[in-house]
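# Structure at a glance
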Amino acid sequence: MTGESHDVGARLRSLVIQGDLAALRAHLASLDGADLAAARRWVAGTHDIDGHPEPAELGNPRDQDHYTRVQWMRLARLTTWGMLGAPVAAAKVLAAEGTFFTEDHIRELVPAFVARDREWAQAFASAADAVTPSARGAEKAVLLLRAVVVTHRLPVPTGRLFHGAWIRRLASQADPPTWAKDRTPSLEPLLADPLLPDVVYLQLASGEVGAWTGFGTVLPTLVDKGLIDRDRTLAVALDQLTAGQKPSSQKALVGVLTTLELRSHEVPGGLDFLLSVLSSCHASAVGVVLGLATELVASDADAVEVARVMAPRSERAPRRTLLAALSPTGLGRRVSPEALLEAINVLAAGDEDLADGARYDKARAALGVVPNPNPNPEPVDAAPAPLGLWNLTPPRLEERQPVHPELPLRDIVKQHMRAKDKSWQQAPAAEMVLDALSRGDLTTAELVGVAHELVAEGRLSPVRSAALFEELFLGGAMRLVWPAALATAGLAAAGRPRPGLDRLLAMLSSYAAEPPHRVRLPSRLVEIASGSTKAALEAARLVRLVEAPTDEAEPVEVDLALWDETTERPPQGLAFPPKRDLATVGGRLTAGAGHSYQPDTRSRVRRCLVLEEIVDLLPEHGVDVVRARLVEDVALPSWPVAEAVALWASGELDHATYWRMVEDVETVSGKSHEWRVHHDAYHRWSARDGFRLDPPVMPAWWSDDDKFLEFLHACEVLLLAEGGVVQVLSTPDRVDGTLGLDTLIDRLAKARTVGPVDLRLALARLRPTSPGRAARVPPSVHTDPALTAASGDQELDAAEIVRAWVGAGGLRCQPGPDAYGLRTFRIESPWSWDSLPALSRRPVPDLPHYRHNDIWRLPGRPDVWLRNGLRVTSSRETLAEVGGALGVPGWRTVLATLATAPPDYTAVDFAALVRLQRQGRLDPVVAAATATAEWDAGSSVIGDGVGWEHAFLRGALRGLWPVAVAVVEAGLARDERPAECDALHAVMRRYARHVPPGAVPTWLAEP
């Protein structure tokens, strides 16, 4: 061979594309000298598997075996890394790119990786063992790691990745899940594992054994067969109980002690060791360890020491188990009654559950000690030592990641304060809350508002609130959060105290020394402090510790700042300034775009302006200059308009291509295997790639009607502009995506010819206008024949179409059910989309399927936009960006939303109501008329008032207060007053103090 890099690389490239692993391994094994060095350079220089080769070189994605060929190509690519790559790089590439492989695929790679020498194998094993478990191909990397370790007889890996995969595989074999096809348990793979016995000992120490808490059940079999040593296994498990492993792993370790029948005299270190474990182990391990420790108690000092270690622990069941053992019939056989009494007193002193005093009295009575006749003695509370938390400030995160992709932070906080809620891990939420508090993005008033919302729902959890508040105290936000915690406790004590209130009050008592001044508590807490319940005892303790005044005066209330006077201009009152900059237009076209990414409202409108900007730049700079610039700036297009611009800039877009795209086109996601290809090798497939095939195979976004229409429209505009037509009709003139009739008339007057798709899109964006203005449309302007029909011999009178459209009243949108009975709109159009020859084979409905497409194709219609409810969705479009008046159908949706409590895991878009309030678009007259119509139809309008209270607390009080007044007055004026008016009346009475006096009606101000 020549040794030239390009010759060697070309041969390797050919073999990789073929995907014949045997031929590739034979070829790689035959290389030596300069050829081997050139091959290694080629491997090291091509890291990205999907980028080698390019998608266009992989064949036709419509072939049924195409996906299989792609997978074998990628396996061949990994084979080159196994046989020639550096060990660390090979491990990284495998972990990053092994996502879509099966275990059978990985077995095909084994020969390439195990054929290397022992030194390489050791380095590869170390690198693969260090791969983070969250890597895309981590699970597949473990299979190769194991093969290399077994083949070269290397030490068992110690990393989390290997042992996490090992224990999960063992669990699936020994204890198959209910959904498994074969649920027959089997230990044969474990018994034949060549990595025994070390893999068991290292598994116990890895911290991953908690992935299967039943691991201990298989160990007796291994002990009986002599495959592991019982004493060593027990020693490792006991030692790991002091290592601070996660709770599930500690539970598994305790299971090992139980199944191997550990006896107390076998514990190395005896009672002292078990006490050290008890002082720090998780609750799941306490029971077993306490039982062993109790068996080893041999003296008075031992009994007292066990009680002293257990006293700070909060678990109720183990404390009661120990209390039962501190009796004459239990430990009394080995220790003196005086020691038992001392141990009982020590245990009682550490018990925060003051209502458990009767149990301790009973235990003392068994020893002959008469209980105190006063069941509620005035305890002497020692003030906790201050930790200096009051003057701390919460930290800021350098990189802020959302805890949940769709819920605002306030709703995440709500999840952590809500009863019976399976929310996300508290630590990430606490970090985000601390960061928001430090930046002012979350305030004390908002925390109190969350508590009010939960009280309205009847789902405030004092226990979960206490856990969150304590995290925030310790995180440095105590000065900001302390008033919110007190207010939350006061709300939880109102009426019938919420279960768990004692836990919240106990937490507040433990930090009572932190505030530098006397604390005035909510009067309700002072009131209940005279009772005998657990909550009352804790409230009395808190009153004493903070030296709270008992004059029943309320503390200075946290100002919820609900009456928002902020204003903003509505989107139909704003327009984007024109921009003409060839140097940046390409970057602005592709910024932030992606196949699955839906931009916000203004970004969609800006893209329309960028397309018009490109058209306007052509006369100034010339077609060739603009094309050359855009070819460079739109190198990797991903959004339909950018795809169209890239196709045009490449010189491959002409009228023949335009009509070809609408006649016979397929997509890469047409079938299941093609979908996999799209998400694997075809994630960079573009329209340019598609047009090189016959028939064209387009990107996955092509199946979306609005993306297809956006692409078709951009192609039409660019073809017209190349022919000298520089007037785009449909570009919005307001930031909400709408177009005014005067603007359209002005553009028609300047146009020499127009595109039919552009004309129809302009009409869809037209703001409502009087039919009488149809006469103002200028004389005849026709569509371009070459873009009106494929034959090029037809044209349409654009001016006459506009006159007919305006004269007929434009689009008429009427609410009505769809074929499935769901609420939607029926659209009646004077000129339908499918009447255009370019869309005759791909009918596009007048109503977009997704409401984020309303912003692009059917803007300025908030009633239509609200057909899917007042919800925040993944694309983040918002009602406040949709211009136009909210009519009866829209108000029907808003009132229906307010009539129900917000769902647990979907945020109601209260922020949009706040912005509509600031824009002055919440019309109480229309709202009252809607309520009246709904009552006439026998429908509910108000509900239980909880939704209205939520909206008030979320900042929409100023806008919804007049609406609430109008709705209640409309109800009061009816012959039969709706009973639900009382619910809204009660909510308004509670929040009237947050409203300026002049806005409170007389019927509400009266007692």
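Residues numbered from 1 in each chain as written. Predicted model: local features only at pLDDT ≥ 70, side-chain atom pairs only at ≥ 80, totals over all residues. Heavy atoms only, no water.

Within an unreviewed UniProt entry, the label attached to the protein chain reads Secreted protein, and the organism entered is Nocardioides pinisoli.

### A word on the nonpolar core
Judged by nonpolar contacts, the single largest core of 118 residues is most densely connected at Phe-113, Phe-124, Leu-170, Val-200, Phe-215, Leu-219 and Leu-278. Beyond its immediate chain neighbours, meaning those up to four positions away, Leu-219 contacts Val-200, Ile-228, Thr-233, Val-256 and Leu-260. Membership of the second largest hydrophobic core comes to 105 residues, among which are Ala-430, Leu-870, Phe-952 and Val-968. (Core = buried A, V, L, I, M, F, W, Y, C linked by side-chain atoms within 4.5 Å. Buried < 20%, exposed > 50% of the residue type's maximum accessible area, 1.4 Å probe, protein only. Contact = heavy atoms within 4.5 Å.)

### Remarks on unusual backbone geometry
Residue Pro-197 is bonded to the preceding Leu-196 through a cis peptide linkage, with omega at 0°. Here Pro-197 is to be found in the loop between α10 (188-191) and α11 (198-206). With phi around 55°, Glu-261 is a residue other than glycine that occupies positive phi space. Within the secondary structure, Glu-261 is located in the loop between α14 (247-259) and α15 (270-278). Look at Glu-261 and you get exposed, because its relative accessible area is 55%. With phi around 50°, Ala-561 is a residue other than glycine that occupies positive phi space. One can find Ala-561 in the loop between α27 (534-546) and α28 (582-590). What makes Ala-561 exposed here is its relative accessible area of 55%. (Helix = DSSP H or I, 4+ residues; strand = E, 2+ residues; numbered from the N terminus.)

### Remarks on the side chain of Asp-846
Within the secondary structure, Asp-846 sits in the loop between β4 (823-828) and α40 (854-857). On the basis of relative accessibility, which here comes to 15%, the residue Asp-846 falls in the buried class. Here Arg-760 takes part through its side chain, which lies 2.5 Å from a polar atom of the side chain of Asp-846. With residues near it in sequence (within four places) discarded, Asp-846 still touches Arg-760, Leu-811, Ile-827, Ser-829, Trp-833, Arg-857 and Leu-858. (Polar contact = N/O pair within 3.5 Å; in protein donor to acceptor, adjacent residues only side chain to side chain.)

### Considering the packing of aromatic side chains
This structure, assessed with the given rule, holds 13 aromatic pairs. Arranged with centres 6.3 Å apart and planes meeting at 50°, the rings of Phe-952 and Trp-961 form a pair that is tilted. Ring geometry for Phe-952 and Tyr-991: centres 6.0 Å apart, planes at 65°, overall edge-to-face. Here Phe-952 is found in helix α45 (residues 946-972), whereas its partner Tyr-991 is found in helix α46 (residues 981-991), with 39 residues between them in sequence. The exposure classification of Phe-952 matches that of Tyr-991, with both residues buried. Joined through ring pairs, the aromatic side chains of Trp-701, Trp-702, Phe-708 and Phe-711 make up one cluster. Of note, Arg-627 hangs over the ring of Trp-648, and the distance from its end group to the ring centre comes to 4.8 Å. (Phe/Tyr/Trp six-rings, centres within 6.5 Å; stacked < 30°, edge-to-face > 60°. Lys NZ or Arg CZ within 6 Å of the ring centre and 35° of its normal.)

### Structural notes on the confidence of the model for the protein chain
With 88% of its residues at a pLDDT of 70 or more, the protein chain shows a mean pLDDT of 85. The low-confidence segment residues 47-52, where pLDDT is below 50, has 21 contacts with residues more than four positions distant or belonging to other chains. Low pLDDT, under 50, characterises residues 374-380; the predicted model gives this stretch 4 contacts beyond four residues in sequence or across chains. (pLDDT = per-residue confidence, 0-100.)

### Overview of the pattern of salt bridges
For the structure shown, the criterion picks out 43 salt bridges. Arg-107 is paired through a salt bridge with Asp-104; the nearest N and O atoms lie 2.6 Å apart. Of this pair, Arg-107 and Asp-104 both sit in helix α6 (residues 103-114), separated by 3 residues, roughly a single helical turn. The salt bridge partner of Glu-652 is Arg-688, with a shortest N-O separation of 3.4 Å. Of the two residues, Glu-652 is situated in the loop between α31 (640-649) and α32 (655-661) and Arg-688 in helix α34 (residues 687-691); the sequence distance between them amounts to 36 residues. The structure contains a network of salt bridges with shared partners spanning Arg-410, Asp-411, Lys-414, Arg-418, Glu-453, Glu-457 and Arg-954. (Salt bridge = Lys/Arg side-chain N within 4 Å of Asp/Glu carboxyl O.)

### Points about the packing of helix α8 (residues 138-151) against helix α9 (residues 160-174)
Packing of α8 against α9 leaves a shortest axis separation of 9 Å and a crossing angle of 95°. Between α8 and α9, the crossing angle belongs to the class labelled roughly perpendicular. Residues Ala-138, Glu-139, Val-142, Leu-143, Leu-145 and Arg-146 of α8 form the contact with α9, whose own contacting residues are Leu-161, Phe-162, Ala-165, Trp-166, Arg-168 and Arg-169. Its residues assigned to classes, the contact of α8 with α9 shows 8 nonpolar, no polar and 4 charged. (Axes fitted to C-alpha atoms, helices over the stretch in contact; angles between N-to-C directions. Parallel < 35°, antiparallel > 145°, perpendicular 65-115°, else oblique. Nonpolar A, V, L, I, M, F, W, Y, C, P; charged D, E, K, R; others polar.)

### A look at α27
Residues that lie three or four places apart on an α-helix share one face, since the helix turns once every 3.6 residues. With 13 residues, α27 should reach 18 Å at 1.5 Å per residue; the first-to-last C-alpha distance of 18 Å fits that figure. Of all 13 residues making up α27, 10 are buried, and the element is well covered by its neighbours. All buried positions along α27 are accounted for by Ala-535, Ala-536, Leu-537, Glu-538, Ala-539, Ala-540, Leu-542, Val-543, Leu-545 and Val-546. Elements that come into contact with the buried residues of α27 comprise α25 (501-510) and α26 (523-528). (Expected span 1.5 Å × (residues − 1).)

### Thoughts on the pairing of strand β3 (residues 812-817)
In this structure, β3 lies alongside β4, joined through 6 bridges in antiparallel fashion. Bridge pairing links Gln-814 to Arg-826 in β4. Once β3 ends, the chain turns through 5 residues before running back antiparallel as β4, passing Gly-821 with a positive phi of about 85°. (Pairing = 2+ DSSP bridges.)

### Considerations on the packing of α11 against helix α13 (residues 230-240)
Contact pair α11 / α13: the axes reach a minimum separation of 9 Å and the direction vectors enclose 15°. One element, α11, and the other, α13, form an angle in the roughly parallel class. Of the two elements, α11 crosses α13, and the hand of that crossing is right-handed. Seen from α11, the contacting residues are Asp-198, Tyr-201, Leu-204 and Ala-205; seen from α13, they are Arg-232, Thr-233, Val-236, Ala-237 and Gln-240. (Left-handed = near helix turned anticlockwise from the far one by under 90°.)

### Notes on helix α37 (residues 756-764)
Of all 9 residues making up α37, 9 are buried, and the element is well covered by its neighbours. Within α37, burial applies to Pro-756, Val-757, Asp-758, Leu-759, Arg-760, Leu-761, Ala-762, Leu-763 and Ala-764. Where α37 is buried, its residues touch α32, α35 (705-722), α36 (741-750), α38 (785-788), α39 (798-807) and α40.

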